[in-house]
Amino acid sequence: MNTHSAPSHGTVHLHIEDGIAVLTIDNPPVNAGSHAIRQGVIEALNHCVQIRGAILIGAGRSFIAGSDLREFGAPLMWPELPDVIAACEAAPFPIIAAIHGVALGGGLELALGCDYRIATRDAALGLPEVSLGMVPGAGGTQRLPRLIGRAAAIDMICGSVRISGEDAQAIGLVDHLAQGDVLAAARAFLSQPKAKRIVADLAVPPTGEATLDASVSKAMKKGRGRPNVAEAIRLVMAAAEPDFAVALADERAVFQRLRLSDDAIALRHLFFSERRAGTVDGLTAAPRPIGAIGVVGGGTMGQGIARACLAAGLPVTLLERDPDALQRSLAAIDATLQDKCYRGRLSPAGMVQQLRALTGTVQMADLGACDLVIEAVFEEMSVKVPLLTQLDALLPAQAVIGTNTSYLDIDVMLADLPGRSRVLGLHFFSPADVMRLLEIVRAKATSDDVLATGLRLAKYLSKQPVVARVSEGFIGNRIYAAYRRRAELLVLEGAAPQDVDAAMVAFGFAMGPFAVADMSGLDIAWAMRKRQATTRDPDTRYVTIPDDLCEAGRLGRKTRAGWYDYPAQTPVPSVQVDGIIHRARKATHVVPQVFDATTMQRQLLIAMVNEAACLLAENVAQRPSDVDVAIANGYGFPRWKGGPLWWAAQQTDADITADLTALKCAIGHGYIPGPVFETLSKMRT
Ligand code: NAI
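As the structure is a computational prediction, the values presented were derived from the model and not from experiment.

Rules used in this analysis
Residues numbered from 1 in each chain as written. Predicted model: local features only at pLDDT ≥ 70, side-chain atom pairs only at ≥ 80, totals over all residues. Heavy atoms only, no water. Helix = DSSP H or I, 4+ residues; strand = E, 2+ residues; numbered from the N terminus. Domains from an automatic or database assignment. Contact = heavy atoms within 4.5 Å. Buried area = accessible area lost by both parts, 1.4 Å probe. Salt bridge = Lys/Arg side-chain N within 4 Å of Asp/Glu carboxyl O. Polar contact = N/O pair within 3.5 Å; in protein donor to acceptor, adjacent residues only side chain to side chain. Nonpolar A, V, L, I, M, F, W, Y, C, P; charged D, E, K, R; others polar. Near = heavy atom within 4 Å. Areas by Shrake-Rupley, 256 points an atom, 1.4 Å probe, with all protein chains shown as cover. Buried < 20%, exposed > 50% of the residue type's maximum accessible area, 1.4 Å probe, protein only. Pairing = 2+ DSSP bridges. Axes fitted to C-alpha atoms, helices over the stretch in contact; angles between N-to-C directions. Arc of directions from axis to C-beta.

Novice: Describe unusual backbone geometry, listing the residues and the values that go with them.
Specialist: Here the residue pair Pro28 and Pro29 is connected by a cis peptide bond, since its omega of 5° sits within 30 degrees of zero. With an omega of -10°, the peptide bond between Ser430 and Pro431 qualifies as cis. Counting through the fold element by element, Pro431 comes out in the loop between strand S15 (423-428) and strand S16 (437-442). Within the chain, His589 stands out as a residue other than glycine whose phi angle is a positive 55°.

Novice: If you had to explain the domain arrangement of the chain to someone new, which residues and values would you point to?
Specialist: Structurally, the chain comprises domain 1 (3-258), domain 2 (293-470) and domain 3 (478-684). Just the C-alpha atoms count here: the centres of domain 2 and domain 3 sit 30 Å apart. Between domain 2 and domain 3, the residue contacts involve 11 residues of the former and 11 residues of the latter. Roughly 1000 Å² of surface becomes buried between domain 2 and domain 3 when both sides are summed, with 61% attributable to carbon and sulfur atoms. If you look at where domain 2 meets domain 3, you find 0 salt bridges. The interface formed by domain 2 and domain 3 contains 1 residue pair in polar contact (both at pLDDT 80 or more). No other element matches the 5 residues that strand S17 (residues 464-469) contributes to the side of domain 2 that touches domain 3. By residue class, the composition of the side of domain 2 that touches domain 3 is 8 nonpolar, 1 polar and 2 charged.

Novice: An account of the site of the ligand is needed here, citing residue identities and associated values.
Specialist: Contacts to the ligand come from 21 residues, most closely from Met301, Glu320, Glu379, Lys384 and Ser406. Note that an oxygen atom of the ligand is positioned 2.5 Å from one of the side-chain N or O atoms of Glu379. The contact in question runs from an oxygen atom of the ligand to an N or O atom on the side chain of Lys384, over 2.6 Å. Across the complex, the protein chains shield 77% of the 830 Å² of accessible surface that the ligand would expose by itself.

Novice: Can you explain the side chain of Asn228? Please cite residues and give values.
Specialist: Following the sequence through the fold, Asn228 ends up in helix H9 (residues 227-238). Reaching out from Asn228, the side chain makes a polar contact with the backbone oxygen of Val130 at a distance of 3.0 Å. With residues up to four places along the chain from it excluded, the contact list for Asn228 reads Val130, Gly133, Met134, Val135 and Leu258.

Novice: Mind laying out the pattern of salt bridges, listing which residues take part and the relevant values?
Specialist: Under the counting rule described, the total for this entry stands at 32 salt bridges. Where Arg234 meets Glu231, a salt bridge forms, and the shortest distance between an N and an O atom there is 2.9 Å. Placement of the pair is Arg234 and Glu231 together in helix H9, with a separation of 3 residues, close to one helical turn. With a relative accessible area of 16%, Glu231 lands in the buried category. A salt bridge links Asp626 to Arg623; the shortest N-O distance between them is 3.2 Å. The burial state of Asp626 is the same as that of Arg623; both residues are buried. Within the structure, one salt-bridge network assembled from shared partners comprises Glu231, Arg234, Asp250 and Arg257.

Novice: Describe the sheet that holds strand S5 (residues 102-104), naming the residues involved and giving the relevant values.
Specialist: Pairing within the open sheet is mixed, and its 3 strands lie in the order S5-S7-S8. A strand with exactly one partner marks an edge of an open sheet, and here the two such strands are S5 and strand S8 (162-164). Each strand of the sheet is rotated relative to its neighbour by a mean of 20°, with strand direction disregarded. Two elements, S5 and strand S7 (residues 124-126), share 3 bridges in a ladder whose sense is parallel. Directly across from Ala103, in S7, lies its bridge partner Leu125.

Novice: Talk me through helix H21 (residues 523-532); I want residue IDs and the actual numbers.
Specialist: Of all the residues in H21, the buried ones are Ala525, Trp526, Met528 and Arg529. Down the axis, H21 shows its buried residues gathered within 165° of arc, on one side only. Residues of H21 that are exposed and angled more than 90 degrees away from the buried face: Ile524 and Lys530. Its buried side turned inward, H21 meets helix H18 (476-493) and helix H22 (545-551).

Right under this line is the structure:
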């Protein structure tokens, strides 16, 4: 037995009536499966004598949202979850898991240790351990395949997929759907005698080789080489072996090892940081109501924002400049929803409902009844300021206005606006209905209840909020700009763009900085550099290569040429780009050096870390962990590395010092050192 003094949270209530025991798990807010809960279930079961059956249910909004992750960094105290499940299986009476709300991770594993599962139609069931760097560790990889087959189990476990109660019933994970109250349904289910039905005793249903192979390849591809994904697949495959106990012990051993792995610890850092990022210390104001949404500008971002709101069930009025632009915008939204429907990601009824909730207009007055209007018009002060003035004059005092600007100074934008306290930045990422990150920008004038409204919007849209203050590029784009600048300097100093990209992909990024630049288009940053040309300090190192690429008509994927050539979809290194780079080196008298992958990775990462430290010192971000949340959710940073500051906090001080010295040398004149060690010390405590 392991003992240690971890905090114990929650309790289990036992109520026995008419020979049926009801065990209610009570650990607000989400009934996390803590040590106290595990102990409580065992004790309650010990009190159940001469009963016909037992029902396991969660108090409040959910069954069990998962094991209490706060316990995972230390030895687990007895009883562990497998002990609780063993007690359920050994009980002489049938146990029903009555599932409403969420049953995730250890919660679902406990339900799998019950004899029957009854769920509400809209319950959410899943085993998300793989997304937390682990594998299910209390029989999930062994019991789930016995109910739904190995291929479906691999899909669900490796994809960390949540399914509804309705879908769970369709595949055999749930035995019965509750119409209405789940406790009443479980009682009704037990009104007829029920035999024990231990999932561990069931045979794994046969699955065709081809189906299994398809699930394995999909999981491996999505898992991007993470060791826990390969382990999860191996364990599920082993469920077909005859000795259940051996496979179960194997699973537990893998879980115990992985829960203390670097990946899992970093992912838990992100898990807690993401929850914290949605809060603002000292903010007590209640949000304003969010009902009808207005979107101004139906271009790339406006369309995505409209789709995100529609998907959340919010009615949207979309305002465009003229009927043609409006028509194009509405047609594009229509086409995307049709495509979603075609791919099975949206039901036909859902599509119709969303399209009905969308109104297009060219009359500003039609926004008059909106609670929240988000502008996504051209990135020009001369367009945004008059628009905000018109909206401010039109909208009732309670309505909130959001600007989706990427770089403009919102404080300047609002300087002369009478209703400036009701405006905030709502910086979505493209495509706005897909990307999870939402930077909520608190301008100097933004009132607390308006800020709270932004946070509530994020919740409605299932976005990951990060609160920022006004600064060029806010948190994410500002840090990314420092990263990209260092990447461009590396190319000037001797690295090939494809080698820089390959190094960052090897680190775990989804794409390298140059492939990303080609995808977003090089012209936006070009336009910005031209605007800044007159105010740029002539002594700072300036890499002309991106400008030269644009002047050569190489604007990225859309022109089938950028940092790479695009004869087809795959980027190919370009001879023309080599020439441009060569000329830039010659013009600046740079003798090309050779960089290894580690040096390139560390230089790009330290550029992010230094910029993050600068913006934290300026209070642009509330806390270091918010930076990690922004970069991991909006910029393809590998989640299993926890974010740039988490990564840096794991490095030695000597290595960080060496990296900072090299960065300072590369940037040269104008380098601004951030309080890096002070920032990292906050991460390390
Ligand atoms: P876009 O050029 O695709 O769309 C702008 C739309 O606004 C156009 O359809 C235009 O007709 C419309 N518009 C312009 N003035 C208008 C007015 N007075 N009334 C009604 N409609 C008007 O631009 P995009 O890319 O959608 O960007 C919009 C805003 O979002 C910009 O501020 C941009 O910086 C920001 N943003 C862009 C991101 C991106 O990846 N494209 C990411 C995050 C923010």
